[in-house]
Amino acid sequence: MRIVRKNTGFLIASLAILLSGCASDAPKPHASDASDSIAPHLACTLSSNCANSLGTGSLVPLRYTGTPAQAMAMLQATLKTFPEATIVHSENLALEVIFTTPVGFRDQVNFRIDAAMQRIDFRSRSLFGFFDWGKNRSRMQEFAVRFERASER
């Protein structure tokens, strides 16, 4: 009986630690974030639950040739290959997308087309918790691969 109680206590403590990372509100932007001056709408305030293409990590902007309208069409075509993606806001040069994981976690992805540089910057961040265990980064790496395939057609 003591072994069961000890194991139950350990399980509860482990669960509490795991869930504590998910139990916080999304962080507020900090005025001191160095990337704010480059693109404040795409800055990551917490690198443990966010990935972007602003040069602070290994993710690079998406490149395209053609017009911004063609870039938007390629973005939308690529998004259609992700059944968990829902476009929630669209403008001429910007998209806001929500990705919902199978267990219900939601991640917000913002895309901004820079017509002058023919590139698309992005930020992918968790809307819940401090940690994403690399999900935003891996999703955007996969997105970049699919986007590049679509642009080759």
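Residues numbered from 1 in each chain as written. Predicted model: local features only at pLDDT ≥ 70, side-chain atom pairs only at ≥ 80, totals over all residues. Heavy atoms only, no water.

Colleague: What am I meant to see in the confidence of the model for the protein chain here?
Modeller: A low pLDDT means the predicted coordinates there should not be read in detail. On average, residues of the protein chain score 79 in pLDDT, and 73% of them reach the 70 mark or higher. Low pLDDT, under 50, characterises residues 13-38; the stretch is placed with 31 contacts to residues that sit more than four places away or in other chains. (pLDDT = per-residue confidence, 0-100. Contact = heavy atoms within 4.5 Å.)

Colleague: Help me out: how do you make sense of the pairing of strand S4 (residues 94-100) in this one?
Modeller: Within a regular strand, side chains alternate between the sheet's two faces. With five of its seven residues buried, S4 lies for the most part within the structure. Here strand S3 (residues 85-90) runs beside S4; their pairing, made up of five bridges, is antiparallel. Across the sheet, Thr86 pairs through a bridge with Ile98, a residue of S4. Remark: three residues form the turn of the hairpin made by S3 and S4, two consecutive strands paired antiparallel. Two elements, S4 and strand S5 (residues 106-114), share seven bridges in a ladder whose sense is antiparallel. (Buried < 20%, exposed > 50% of the residue type's maximum accessible area, 1.4 Å probe, protein only. Helix = DSSP H or I, 4+ residues; strand = E, 2+ residues; numbered from the N terminus. Pairing = 2+ DSSP bridges.)

Colleague: How should I be thinking about the environment of Arg119 in this particular structure?
Modeller: Relative to the assigned elements, Arg119 resides in strand S6 (residues 119-126). Not counting residues within four places of it along the chain, the set of residues in contact with Arg119 comprises Pro61, Leu62, Arg63, Tyr64, Arg112, Ile113 and Asp114. In terms of polar contacts, Arg119 uses its side chain to reach the side chain of Asp121, at 3.0 Å. (Polar contact = N/O pair within 3.5 Å; in protein donor to acceptor, adjacent residues only side chain to side chain.)

Colleague: For this particular structure, what's the right way to read the pattern of salt bridges?
Modeller: Where charged atoms of side chains with opposite charge meet at close range, the side chains can pair. Summed over all chains, the structure comprises three salt bridges. Notably, a salt bridge pairs Glu142 with Arg146, separated by 2.8 Å at the nearest N-O pair. Of this pair, Glu142 and Arg146 both sit in helix H3 (residues 135-152), separated by four residues, roughly a single helical turn. The class of Glu142 is partly exposed, set by a relative accessible area of 31%. (Salt bridge = Lys/Arg side-chain N within 4 Å of Asp/Glu carboxyl O.)

Colleague: I would appreciate a short explanation of the side chain of Asn136 in the present structure.
Modeller: Within the fold, Asn136 resides in helix H3. Only 3.3 Å separates the side chain of Asn136 from the side chain of Arg139, close enough to count as a polar contact. Beyond its immediate stretch of four places on either side in the chain, Asn136 contacts Asn49, Cys50, Ala51, Asp107, Ser124, Arg125 and Ser126.

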